[in-house]
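# Descriptive analysis of the structure
For reference, the chains in residue letters:
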Amino acid sequence: METLTTDQYQMITYYYHLLNTIEEGFDYVNEGFNNLSKTESDRIFSDILIAFNHIDSSNPTIVASLNDEQNLSEAVKNFDIVIKELEGLEQFFMDSEKKHHYIKNQLTPAFVAWKETVQKKLQPYITN
């Protein structure tokens, strides 16, 4: 395991915790499908999409920072799988019920699976 600079450590720690925040956002959005009191679901989903953009733009820097960690690099690059799931959502934007079903059963599981793999590989670099 390579030694990180302070900037690299801060970036990786932020990235790690951002993934948890996104999962919490998905939890809220998915709960909002069944609980009408969760009125912020659309805004939170919009925030998730913005966060996806941050992840996608940060991934090359994460990979470069940990260039000796081949397994981590591959896991980070697998974010493309999540993006492909996101692209599949476009066909359901006009049908609220199908959109909710797709987010809950396709997009969320794809993100959570990717997140867990990446976080497992980042864990040795993170001190809580």
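Located above this text is the structure these notes cover.
Structural notes, computed from the coordinates. All values derive from a computational prediction rather than experimental measurement.

Let us now look at the overall build of the protein chain. A count of helical and extended segments in the protein chain gives five helices and zero strands. Its helices and strands in sequence order give the protein chain the pattern α-α-α-α-α, from N to C terminus. Taken along the three principal axes of its C-alpha coordinates, the protein chain extends 50 × 25 × 20 Å. Expressed as a percentage of its 128 residues, the buried residues of the protein chain come to 41%. Nonlocal contacts in the protein chain, meaning residues at least 24 apart in sequence, comprise 72% of its contacts between residues at least 6 apart. Only carbon and sulfur atoms are counted for the fraction: they give 49% of the accessible area of the protein chain, which is about 7700 Å². The positive charge centre, built from 10 side chains, and the negative charge centre, built from 20, are 4 Å apart in the protein chain.

The next subject is the packing of aromatic side chains. This model, assessed by the stated rule, comprises seven aromatic pairs. Between the aromatic rings of Phe-26 and Phe-111, the centroid separation amounts to 5.7 Å while the plane-to-plane angle is 40 degrees, which identifies the pairing as tilted. Of this pair, Phe-26 sits in helix H1 (residues 6-32) while Phe-111 sits in helix H5 (residues 96-122); the two residues are 85 residues apart in sequence, bridging distant segments of the chain. For the pair Phe-26 and Phe-111, a shared accessibility class is recorded, and that class is buried. Taken together, the ring pairs connect Phe-26, Phe-52, Phe-79, Phe-111 and Trp-114 into an aromatic cluster.

Below, the discussion takes up the nonpolar core. Ranked by size, the top nonpolar core spans 37 residues in total, and within it Phe-52, Ile-55 and Phe-111 carry the most contacts. Secondary-structure elements contributing two or more residues to this core are H1, helix H2 (41-65), helix H3 (70-77), helix H4 (79-89) and H5. If we ignore the near neighbours within four places in the chain, the residues touching Phe-52 are Ile-22, Phe-26, Phe-79, Val-82, Leu-86, Leu-107 and Phe-111.

A separate point is the environment of Gln-91. By the secondary structure assignment, Gln-91 is in the loop between H4 and H5. One polar contact links the side chain of Gln-91 to the main-chain carbonyl oxygen of Gly-88, over a distance of 3.1 Å.

Turning our eyes to something else, we now look at the packing of H4 against H5. Orientation of H4 relative to H5, taken along the N-to-C sense of each, is 175 degrees, at an axis distance of 9 Å. With respect to H5, the element H4 is oriented roughly antiparallel. For the pair formed by H4 and H5, the contact residues are Phe-79, Val-82, Glu-85, Leu-86, Gly-88 and Leu-89 on the first element and Lys-99, Tyr-102, Ile-103, Gln-106, Leu-107, Ala-110, Phe-111 and Trp-114 on the second. Class assignment of the residues belonging to the contact of H4 with H5 gives a composition of ten nonpolar, two polar and two charged.

So, on to the pattern of salt bridges. Scanning all chains against the criterion turns up three salt bridges. Here Glu-23 and Lys-115 are joined by a salt bridge, their closest N and O atoms 2.9 Å apart. Here the residue Glu-23 occupies a position in helix H1, and Lys-115 occupies one in helix H5, the gap between them amounting to 92 residues. Since its relative accessible area comes to 21%, Glu-23 is described here as partly exposed. In this structure, the salt-bridge partner of Arg-43 is Asp-47, at a minimum N-O distance of 2.9 Å. In this pair, Arg-43 and Asp-47 are both assigned in helix H2, four residues apart and thus about one turn of the helix distant. Overall, the relative accessible area of 36% leaves Asp-47 in the partly exposed class. Taken together, the shared-partner salt bridges connect Glu-40, Arg-43 and Asp-47 into one network.

What counts and how
- Residues numbered from 1 in each chain as written.
- Predicted model: local features only at pLDDT ≥ 70, side-chain atom pairs only at ≥ 80, totals over all residues.
- Heavy atoms only, no water.
- Helix = DSSP H or I, 4+ residues; strand = E, 2+ residues; numbered from the N terminus.
- Buried < 20%, exposed > 50% of the residue type's maximum accessible area, 1.4 Å probe, protein only.
- Contact = heavy atoms within 4.5 Å.
- Areas by Shrake-Rupley, 256 points an atom, 1.4 Å probe, with all protein chains shown as cover.
- Lys, Arg positive; Asp, Glu negative; His and termini not counted.
- Charge placed at Lys NZ, Arg CZ, Asp CG, Glu CD.
- Phe/Tyr/Trp six-rings, centres within 6.5 Å; stacked < 30°, edge-to-face > 60°.
- Core = buried A, V, L, I, M, F, W, Y, C linked by side-chain atoms within 4.5 Å.
- Polar contact = N/O pair within 3.5 Å; in protein donor to acceptor, adjacent residues only side chain to side chain.
- Axes fitted to C-alpha atoms, helices over the stretch in contact; angles between N-to-C directions.
- Parallel < 35°, antiparallel > 145°, perpendicular 65-115°, else oblique.
- Nonpolar A, V, L, I, M, F, W, Y, C, P; charged D, E, K, R; others polar.
- Salt bridge = Lys/Arg side-chain N within 4 Å of Asp/Glu carboxyl O.

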